[in-house]
Amino acid sequence: MGHFATGVAIITANDGDEPVGLTCQSVVSVSLEPPLIAFCPAKSSSSWPRLRSSGTVCINVLAGPQGELCRQFSKSGTDKFAGVAHSPASNGAPFIHEALAHVEATVEAEHDAGDHTIVVCRVTGLDVHAADHGPLLFYRGGFGNFS
């Protein structure tokens, strides 16, 4: 599957007053009617249980130059939001300012899928941000983008 290029997103939410997030490359549009989106966090993730408890998430689609931000949110035990400009989306979950777009959603269902969980969410809002770059892509273990 490393030969299948994917976009990269950071899934965010609030755990009480603290923003939490994780990097995810398995994000997919599921349905237009009703509007559903899915992502697949690893069962080993220490961040997913904290995001799940909020019930609302923001899926931040990363831009080409955001490879380092992607790595920052993939590490455990660090302040993932250190130095990251963000604001509350209309559902309260943080949206990352330099992202290409963000999708606001509520968690509808979870399905067991081996060492990951398939999380299906109902889209409640979205926004496309003005960007000078294309999307951040993950391919064969590395990052790239459209030039």
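Note that this is a predicted model, so its numbers are computed, not measured. (Residues numbered from 1 in each chain as written. Predicted model: local features only at pLDDT ≥ 70, side-chain atom pairs only at ≥ 80, totals over all residues. Heavy atoms only, no water.)

Caption draft 1: How the structure looks around the sheet that holds strand β5 (residues 36–39). With respect to topology, 7 strands assemble into an open sheet ordered β3-β2-β6-β9-β10-β5-β4, the strand pairing being antiparallel. Both outer strands of the open sheet, β3 (18–24) and β4 (27–31), are each paired with one neighbouring strand and no more. Averaged over all pairs of adjacent strands, the angle between strand axes in this sheet comes to 35 degrees, irrespective of strand direction. Two strands pair when backbone bridges link them, and β4 and β5 are joined in this way by 4 bridges, in the antiparallel orientation. Bridged to Val27 within β5 is Phe39. (Pairing = 2+ DSSP bridges. Helix = DSSP H or I, 4+ residues; strand = E, 2+ residues; numbered from the N terminus. Axes fitted to C-alpha atoms, helices over the stretch in contact; angles between N-to-C directions.)

Caption draft 2: Just the layout of surface pockets, in detail. If you add up the space inside the largest pocket, you get close to 270 Å³. In this structure, the largest pocket is lined by 18 residues; those nearest its centre are Leu22, Thr23, Ala42, Ser45 and Ser74. The set of elements that each furnish at least two residues to the lining of the largest pocket consists of β3 and α2 (67–74). For the lining of the largest pocket, the element with the highest residue contribution is β3, accounting for 3 residues. Along the lines of polarity and charge, the residues of the lining of the largest pocket split into 6 nonpolar, 10 polar and 2 charged. Approximately 190 Å³ is the volume attributed to the second largest pocket. Around the second largest pocket, the lining comprises 14 residues; the ones closest to its centre are Val20, Ser47, Arg50, Thr78 and Lys80. (1 Å grid on protein atoms, 1.4 Å probe; cavity = no way out; pocket = protein on both sides within 12 Å on 5 of 7 lines; lining within 4 Å. Points joined across faces, edges and corners; volume = space filled by probe spheres on them. Nonpolar A, V, L, I, M, F, W, Y, C, P; charged D, E, K, R; others polar.)

Caption draft 3: Seen up close, the environment of Asn91. With respect to the helices and strands, Asn91 occurs in the loop between β7 (86–88) and β8 (94–96). In this view, Asn91 contacts Thr56, Val57, Glu104 and Ala105; residues no more than four positions away in its chain are not counted. Polar contacts involving the side chain of Asn91 include one to the main-chain carbonyl oxygen of Val57, which spans 3.0 Å. Within the structure, Asn91 has its side chain in polar contact with the backbone nitrogen of Ala93 (distance 3.0 Å). (Contact = heavy atoms within 4.5 Å. Polar contact = N/O pair within 3.5 Å; in protein donor to acceptor, adjacent residues only side chain to side chain.)

Caption draft 4: View of the side chain of Glu104. The residue Glu104 is located in strand β9 (residues 101–113) in this model. Buried charge Glu104 goes without a salt bridge, the closest partner of opposite sign being Arg122 at 14 Å. A polar contact is formed between the side chain of Glu104 and the side chain of Ser90, at a distance of 2.4 Å. Here Asn91 takes part through its backbone nitrogen, which lies 3.3 Å from a polar atom of the side chain of Glu104. Residues contacting Glu104, with those up to four places away along its chain left out, are Val57, Ala89, Ser90, Asn91, Arg122, Val123, Thr124 and Gly125. (Buried < 20%, exposed > 50% of the residue type's maximum accessible area, 1.4 Å probe, protein only. Lys, Arg positive; Asp, Glu negative; His and termini not counted. Salt bridge = Lys/Arg side-chain N within 4 Å of Asp/Glu carboxyl O.)

These results come straight from atomic positions and should not be treated as a statement about function.
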